[in-house]
Amino acid sequence: EREVIIMLKNVDELLELCDDFVNEIDDFEVNLNTDFFCFPTTNEIFISVLASANSIQEFRENLYSRTDVHDISEFTWSLLHEVGHCQTWHIMNDRTINRCKHIKRKIERGSIPTTVYYGLTDERIATDWAINFVEENYDEVQAFDVEALTLLTKIFIDNDIDLES
């Protein structure tokens, strides 16, 4: 494992907001990284303030084909998707987990198209969890989303991140 050092101004408020939000669900630790991911067995969730347009588009297409809730940001959906991994990993058997890991390695190497990713059992289950959570807690999720987007905008401005390029 390599350590990633992220030097962005004013991310602590966003981390605290995310931490407070997900800790209403379970005991999580939220950290910043260059991508969204988690360690489900230890409830560690990593968030990112930037993502590639292609990965966001694929995530959005998969998600919107499965829910009518389209007014929550990809940031919040991604956070809840990672919570979903942490909340559901234990329902899969070792064979399923290993199969998903094997296919993800093939996707990373480019031998399988990335579109296969969202159909993997662990990804599908995590997204299902997120969709159910949003549908059952819509007002709370929407309020969090508004706050998170406000803080993200502040981070972009404070760090001179140009979203148009």
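Located above this text is the structure these notes cover.
Residues numbered from 1 in each chain as written. Predicted model: local features only at pLDDT ≥ 70, side-chain atom pairs only at ≥ 80, totals over all residues. Heavy atoms only, no water.

**Q** So what's going on with the sheet that holds strand 3 (residues 44-47)? Which residues, and what values?
**A** What the three strands build is an open sheet, ordered 1-3-2; its pairing is mixed. Two strands bound the open sheet, and with one partner strand each, they are strand 1 (29-32) and strand 2 (37-39). With strand direction ignored, the average angle separating the axes of adjacent strands in the sheet is 20°. Both strand 1 and strand 3 contribute to a ladder of four bridges, which runs parallel. Of the residues in strand 3, the one forming a bridge with L32 is I47. Each of strand 1 and strand 3 is contacted by helix 1 (residues 12-22), which is oriented at about 155° to strand 1, the strand it contacts most. Along the sheet, helix 3 (residues 74-88) contacts strand 2 and strand 3; its crossing angle with strand 3, the most-contacted strand, is approximately 160°. (Pairing = 2+ DSSP bridges. Helix = DSSP H or I, 4+ residues; strand = E, 2+ residues; numbered from the N terminus. Axes fitted to C-alpha atoms, helices over the stretch in contact; angles between N-to-C directions. Contact = heavy atoms within 4.5 Å.)

**Q** Account for the environment of F156, naming residues and giving values.
**A** For F156, the location among the structural elements is in helix 6 (residues 138-158). C-alpha of F156 to C-alpha of C100: the two residues are 56 residues apart in sequence and 34 Å apart in space. Those residues in contact with F156 that sit more than four places away from it in its chain are V49, L50, I161 and L163.

**Q** Before we move on, could you go through a negative patch on the surface and cite the residues and values that matter?
**A** Among the surface-exposed residues, D12, E13, E16, D20, E24, E140 and E147 lie close enough to one another that they form a single negatively charged patch. Broken down by element, the residue count for the negative patch peaks at four residues, all from helix 1. Mapped onto the elements of the fold, E140 is located in helix 6. You can call E140 partly exposed: its relative accessible area is 37%. (Patch = residues over 30% accessible without salt bridge, like charges linked within 9 Å, V, L, I, M, F, W, Y side chains within 5 Å. Areas by Shrake-Rupley, 256 points an atom, 1.4 Å probe, with all protein chains shown as cover. Salt bridge = Lys/Arg side-chain N within 4 Å of Asp/Glu carboxyl O. Lys, Arg positive; Asp, Glu negative; His and termini not counted. Charge placed at Lys NZ, Arg CZ, Asp CG, Glu CD. Buried < 20%, exposed > 50% of the residue type's maximum accessible area, 1.4 Å probe, protein only.)

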